[in-house]
Every structure is written in structure tokens, then in C-alpha cells.
Amino acid sequence: MYVRPVAAAAAAFLGFALVLAGGSAAPASAAPARGASAPVPATGRDPVRAAGVPEVYAHRGASAYAPENTLLAVDLAEELGFDWVENDVQRTKDGELVVVHDETLTRTTNVRTLFPDRGPWRVRDFTADEIARLDAGSWFGVEFAGARVPTLRQYLDRVRSNDQKLLLEIKKPELYPGIERDTLEVLEEAGWLGEEEVRDRLVVQSFSADCVRIVHAERPELVTAFLGTPPVADLPKYSAFADRINPWHATISAEWVAAVHAVTGVHGRPMQVDTWIVDDAALARKVQAMGVDGIITNAPDVIRQAVAGGV
Ligand code: G3P
Ligand code: CA
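Rules used throughout
Residues numbered from 1 in each chain as written. Chains lettered and ligands numbered in written order. Predicted model: local features only at pLDDT ≥ 70, side-chain atom pairs only at ≥ 80, totals over all residues. Heavy atoms only, no water. Axes fitted to C-alpha atoms, helices over the stretch in contact; angles between N-to-C directions. Helix = DSSP H or I, 4+ residues; strand = E, 2+ residues; numbered from the N terminus. Parallel < 35°, antiparallel > 145°, perpendicular 65-115°, else oblique. Left-handed = near helix turned anticlockwise from the far one by under 90°. Contact = heavy atoms within 4.5 Å. Nonpolar A, V, L, I, M, F, W, Y, C, P; charged D, E, K, R; others polar. Core = buried A, V, L, I, M, F, W, Y, C linked by side-chain atoms within 4.5 Å. Buried < 20%, exposed > 50% of the residue type's maximum accessible area, 1.4 Å probe, protein only. pLDDT = per-residue confidence, 0-100. Arc of directions from axis to C-beta. Pairing = 2+ DSSP bridges. Right-handed = clockwise from strand over helix to strand, strands pointing away. Donors = N, O, S within 2.8 Å, 3.2 Å for Na, K, Ca; no water. Near = heavy atom within 4 Å. Polar contact = N/O pair within 3.5 Å; in protein donor to acceptor, adjacent residues only side chain to side chain. Areas by Shrake-Rupley, 256 points an atom, 1.4 Å probe, with all protein chains shown as cover.

### What to know about the packing of helix 11 (residues 281-290) against helix 12 (residues 300-307)
Where helix 11 meets helix 12, the axes come as close as 9 Å, and the angle between the chain directions of the two elements is 55 degrees. One way to sum up the angle between helix 11 and helix 12 is to call them oblique. As for how helix 11 packs across helix 12, the hand of that crossing is right-handed. Together, Ala281, Ala284, Arg285 and Gln288 of helix 11 and Val302, Ile303, Ala306 and Val307 of helix 12 make up the contact between the two elements. Split by residue class, the contact of helix 11 with helix 12 holds six nonpolar, one polar and one charged.

### Topic: the nonpolar core
Of all hydrophobic cores here, the largest spans 83 residues; its most connected members are Leu166, Leu168 and Leu202. With six residues, helix 2 (residues 71-79) is the largest single contributor of residues to this core. Beyond its immediate chain neighbours, meaning those up to four positions away, Leu202 contacts Trp84, Leu166, Leu168, Leu187, Trp192, Leu193, Glu197, Leu222 and Val223. By size, the runner-up hydrophobic cluster in this structure holds nine residues, among which are Trp84, Leu167, Val203 and Val223.

### Topic: the confidence of the model for the protein chain
Low-pLDDT portions of the prediction should not be read for the details of their coordinates. Counting all residues, the mean pLDDT for the protein chain is 88, and 84% of those residues have values of 70 or more. Low pLDDT, under 50, characterises residues 1-9; the predicted model gives this stretch 22 contacts beyond four residues in sequence or across chains. Contacts from residues 35-46, a stretch scored under 50 in pLDDT, to residues over four places away or in other chains number 37 contacts.

### So, helix 6 (residues 179-189)
Note on helix geometry: an α-helix contains 3.6 residues per turn, so any two residues three or four positions apart are oriented the same way. Within the span of helix 6, buried status applies to Ile179, Glu180, Thr183, Leu184, Val186 and Leu187. One side of helix 6 holds all its buried residues, which, seen down the axis, span an arc of 160 degrees. Structural note: helix 6 exposes Arg181 and Glu189 on the side pointing more than 90 degrees away from its buried face. Where helix 6 terminates, the next one or two residues include Gly191, which has phi positive at roughly 80 degrees.

### Things to note about the pairing of strand 10 (residues 272-275)
Note: strand 9 (residues 244-246) against strand 10, two bridges, orientation parallel. Opposite Ile245, over in strand 10, you have Val273 as the bridge partner. In this view, the connection linking strand 9 to its parallel neighbour strand 10 by way of helix 10 (residues 254-261) has right-handed handedness. Where strand 10 meets strand 11 (residues 294-297), two bridges bridge the pair, whose relative direction is parallel.

### Some words on the coordination of the calcium ion (ligand 2)
Binding of the calcium ion (ligand 2) to the protein goes through Glu86 (OE), Asp88 (OD) and Glu169 (OE), at separations of 2.1 to 2.3 Å. We note that the donor set of the calcium ion (ligand 2) lies within a single chain, spaced as E-x1-D-x80-E. Taken as a pair, Asp88 in strand 4 (residues 84-91) and Glu169 in strand 6 (residues 165-170) lie far apart in primary sequence, 81 residues in all. Using a relative accessible area of 4% as the deciding quantity, one classes Glu169 as buried.

### Topic: the site of ligand 1
Within the structure, ligand 1 sits among 13 residues, and His59, Arg60, Glu86, His101 and Lys171 are positioned closest to it. A distance of 2.7 Å is found between an oxygen atom of ligand 1 and a side-chain nitrogen or oxygen belonging to His101. Within the contact set of ligand 1, an oxygen atom lies 2.7 Å away from a side-chain nitrogen or oxygen of Lys171. Isolated, ligand 1 exposes 290 Å² of accessible area, and the fraction of that covered by the protein chains is 92%. Its residues assigned to classes, the shell around ligand 1 comprises five nonpolar, three polar and five charged.

### So, helix 10
For helix 10, the set of buried residues is Trp256, Val257, Ala259 and Val260. Down the axis of helix 10, the sector holding all buried residues measures 160 degrees, keeping them to one side. Lining the buried residues of helix 10 we find helix 9 (235-238), strand 9, strand 10 and helix 11.

### Points about the environment of Ala284
If you trace the backbone, Ala284 turns up in helix 11. In sequence terms Ala284 and Ala306 are 22 residues apart; their C-alpha atoms lie 6.6 Å from each other. For Ala284, the residues in contact, after removing those within four places along its chain, are Val278, Ile295, Ile303, Ala306 and Val307.

In C-alpha cells, the structure reads:
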């Protein structure tokens, strides 16, 4: 079996990206240092999953190896053979939807350097043009300098051109009134609400039940997920507007997962469970044994290898 170290894969990918950008490839020794150097089985795209093998979602892209929520992280997930990427959507001061996780820009960009007087550097206090100037790669590694915070439209176009699938999180919707409609509008404009996309390529999730409820009311055909671990007695309430319940791994048990599966979701199928953030092989096998349908991870290669044998 052909086995490729993830560091080599990431370095090869980075060289490719830099060639496209007109730069030079970083040496292999400068490959992403964050994350494991576990081998990556070359399983190719769209493997047929055996029963008991959870779907693997690349959380914020392949974010153990490339700066989170950037197009580089999307491309690296694709290079490593993963269809599903997860992201976080927020809104700028002038109404553009952008892909970034934190409420502020300080952790993942050079915003303090470019805009020293603009604290606390909240996403919603900056225009799209200002955010487009930020370096969203250097914090992760010098070899990623120049990566940008993508707009949602740029992100959607890249996921589509990579023939990938999207688990889209509407982040902190309470800060952005109307972000549900804004998000659906961009999805529509970008061609992400067609029959095939809705059936196979898109899931919209949020920690806010109200947000998921609004998305469902606006576009009832969409697959939706609530992020959290509701008590079993409350599950029927969520099934009125969601197909999935996506919990933090430390909050679940096999009994709870079975209880979710026993509830019929909003589209008439058993509700699913995709758990997060699982980057460790032993933990992946533990949640696999609990019966989860999917694992959302920063290190998708590690998790794919861990769960490949089924239960
Ligand atoms: O997809 C689940 C996960 O992304 C939720 O947590 O904080 O990483 O957005 P967070
Ligand atoms: Ca997220």
C-alpha cells in the first residue's frame, strides 16, 4: 500500500500553491509543524464508506496543517483526499460575509499591526476591503504568509472548483441580525442551492437553535444541524427544524447517540450525530464505537486511518 507522510503531502501542496502564486516552494523541512506526522493512506476521493465508518469532516479545512478557514486549508483537505470541509461564517461592517472563526481578528491575522488603533479588532468593525488586506497565514507559519481571510463567495467557489462539500457554520448569529438570509442569498448566488448541492453537498449548522430554525423556515429543503448536546427529552423539539445534532465529543455516550438516532429528523430520516473536535486516534475509535455518523477534525488523515477498520 502506498503511504505518504502528511508533512510531505503538505509540503508538496505548499510548493504547488507557491508555484501558482509565482513564489518558490518552501523546503520540506519547513512543512507545517502543527499537528501529527502520521502517515496518510492514499485512499483517493469519495471512498465508499463501510458500515460503521464515520464520515470525516475537515474542521476549518485541514487546519492541523494549514491556517484555519483559508483557501489553503480547503485545498490541502482536497489534496489529502477529503470531500467535506467545515467553516465559520461572520459578517463585516459593510455587510460582506467572511470565513473566520473568532469574533475578533487578533488570533489569526496581523490586524494589530495593520490597524493598531482599532481595538478590540472585532470582525464586525472592519470593512471587507480592510479584512482583505490582512495576512491570515503568518500566525500559523512563515510559509503561509499572504494567505487571506476569504469571503464566503470566494470560499464557496473554491470548494466547488475542488469538487468538495461544505459543512457551513453560521457563527455567533446573535451578533449579526439577518445573517441567515444573507448566507442563503450568497449560497443562492453562488449556485449552492441547486438540487444536487442540497441533496449531497451542503449542511448548515449553528450553536443557535433560533438560527437553525430560521434557516429551515427560509429554505426547508436544506440539511441542517444543531451544534450542542440537548437532553434526550428535548430532542423532538430540535427534530422540527434539524436533521442532525452535532455535539462536543466529551459530552456524549453510546446511549445518547442511540437516543438521537431513534428520533426522526425534519426530513423524515433518523437524526444523525457528527461530533467534534476529535484529533486523536484513540478518541476517534471511542466515538466510533458509540455509533456517531461523522467526526469533525483538524487532522482528517489521522482520523480516517483510525476509523477505517469499522467497529
Ligand atoms: O463543527 C463543529 C465546530 O466547528 C464547533 O466549534 O468553535 O470550532 O466552531 P468551533
Ligand atoms: Ca465551526
